[in-house]
Amino acid sequence: MKTKLSHVGALESEAIHIIREVAAEFERPALLFSGGKDSILCLELALRAFAPAPIPFPIMHVDTGHNFPEVIDFRDRVVERTGVKLIVASVQKAIDEGKVVEDTGINASRNRLQTTALLDAIEEHKFDALFGGARRDEEKARAKERVYSFRDEFGQWDPKGQRPELWNLYNGRHKPGEHMRIFPISNWTELDVWNYIKDQDLEIPDVYYAHKREVFQRDGMWLAKTPFINMAEGEETEERMVRFRTIGDATCTGAVDSPATTIDQVIEEVGATRITERGATRADDRTAEAAMEDRKKEGYF
């Protein structure tokens, strides 16, 4: 008699199938790795997909240079532990080479500049498929994505030109210079991710758990005091118990008040919320109603 897979078990099986399909179908895939929970999950699934052999592709971090130090330390420990090859696409390099111009002012952020660094790295390494940790429940533009998300020769995304994916059949056809973004955890929710992290006892950066941090409030969010953020007149820092639900550039990633210091407490907290992690804590998604979709059309994740 067949044993019925659990909900998360079925999601794991689907994701591993997708990862293996991409490895078989594409010549030069890579896995985008930020050190955030979703990219940690994708890497873990890739390791499981090919165990006991190593994963047959590198991981790539698009580095703004404005990172939480705990996340960079975590990234480096993961590379050392797993032996994966790490490629770093540097926003600072793109600035130094004059390819992009850094913003100024109190709301300055390098987040949007990641697109140039990403597209340059894709061209340099001739990647034809990039795994990403985006999920459909995160944001409405990401809900439009297919698992195989086609990008043209300029790295651009056309939401109206997505290919059908009936019966889990994926169309990876592409011409030289074009590529695919692959989202193996598209059907997972934030709660699914946390339950899997708990079940598999995965290590994650400490910033995901509640801790005392010096923060200040801007636009209804708690931003961490860092050397990368210019504070406005009248903004004052205070020490609070906070945690981060999502991890990105430190200049636009907000924290939430939280007492959740354990994974069980985080799961309880996530289960009770009705706001997605990006909707609650990412300033870059608040610049316009279609902010994420506009960035994705330009070549963003």
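Computed from a predicted structure; not experimentally measured.

### Section: the overall build of the chain
Helix and strand content of the chain: 9 helices and 10 strands. Radius of gyration (C-alpha) of the chain: 19 Å, near the 19 Å computed for a compact globule of 301 residues. In terms of overall dimensions, the chain has a C-alpha envelope of 60 × 50 × 40 Å along the principal axes. Within the chain, the fraction of its 301 residues that count as buried is 54%. Across the chain, contacts joining residues at least 24 apart in sequence account for 72% of those joining residues at least 6 apart. Surface accessibility of the chain: about 14600 Å² in total, with carbon and sulfur atoms responsible for 50%.

### Some words on the sheet that holds strand 10 (residues 254–257)
Strand order in the closed barrel formed by 4 strands is 7-8-10-9, and the pairing between neighbours is antiparallel. The sheet shows a mean angle of 70° between the axes of neighbouring strands, taken without regard to direction. Relative to strand 8 (residues 221–224), strand 7 (residues 211–218) runs antiparallel, the two being bridged by 4 bridges. For valine 215, the partnering residue across the bridge sits in strand 8 and is alanine 224.

### Re the sheet that holds strand 1 (residues 29–32)
Spatially, 3-2-1-4-6-5 is the arrangement adopted by the 6 strands of the open sheet, whose pairing is mixed. Where the open sheet ends on each side, the last strands, each with one partner, are strand 3 (86–90) and strand 5 (148–151). Averaged over all pairs of adjacent strands, the angle between strand axes in this sheet comes to 30°, irrespective of strand direction. Looking at chain direction, strand 5 and strand 6 (residues 179–182) are connected through 4 bridges and run antiparallel.

### A word on the packing of aromatic side chains
Enumeration over the complete set of coordinates arrives at 8 aromatic pairs. Judged by centre distance (5.1 Å) and plane angle (40°), the rings of phenylalanine 57 and phenylalanine 131 are tilted. Note that phenylalanine 57 is positioned in the loop between helix 2 (37–50) and strand 2 (59–63) and phenylalanine 131 in strand 4 (residues 129–131), a separation of 74 residues in sequence. Side by side, phenylalanine 57 and phenylalanine 131 carry an identical accessibility label, which is buried. Linked through ring pairs, Phe26, Tyr148 and Tyr170 together constitute an aromatic cluster.

### A closer look at the nonpolar core
Counting residues in hydrophobic clusters, the biggest one holds 59 residues, and the most contacted among them are Leu45, Tyr148, Trp188 and Trp194. Here this core takes 8 residues from helix 2, the largest share from any one element. Two domains each provide a minimum of three residues to this core, namely domain 1 (7–192 + 290–298) and domain 2 (205–285). The residues touching tryptophan 194, leaving out its near neighbours within four places in the chain, are Lys37, Ile204, Tyr208, Tyr209, Arg243, Ile263, Val266, Ile267 and Val270. Of all hydrophobic cores here, the second largest spans 17 residues; its members include Ile95, Val100, Leu118 and Phe127.

Criteria and thresholds
Residues numbered from 1 in each chain as written. Predicted model: local features only at pLDDT ≥ 70, side-chain atom pairs only at ≥ 80, totals over all residues. Heavy atoms only, no water. Helix = DSSP H or I, 4+ residues; strand = E, 2+ residues; numbered from the N terminus. Rg over C-alpha atoms; globule rule 2.2 N^0.38 Å. Buried < 20%, exposed > 50% of the residue type's maximum accessible area, 1.4 Å probe, protein only. Contact = heavy atoms within 4.5 Å. Areas by Shrake-Rupley, 256 points an atom, 1.4 Å probe, with all protein chains shown as cover. Pairing = 2+ DSSP bridges. Axes fitted to C-alpha atoms, helices over the stretch in contact; angles between N-to-C directions. Phe/Tyr/Trp six-rings, centres within 6.5 Å; stacked < 30°, edge-to-face > 60°. Core = buried A, V, L, I, M, F, W, Y, C linked by side-chain atoms within 4.5 Å. Domains from an automatic or database assignment.

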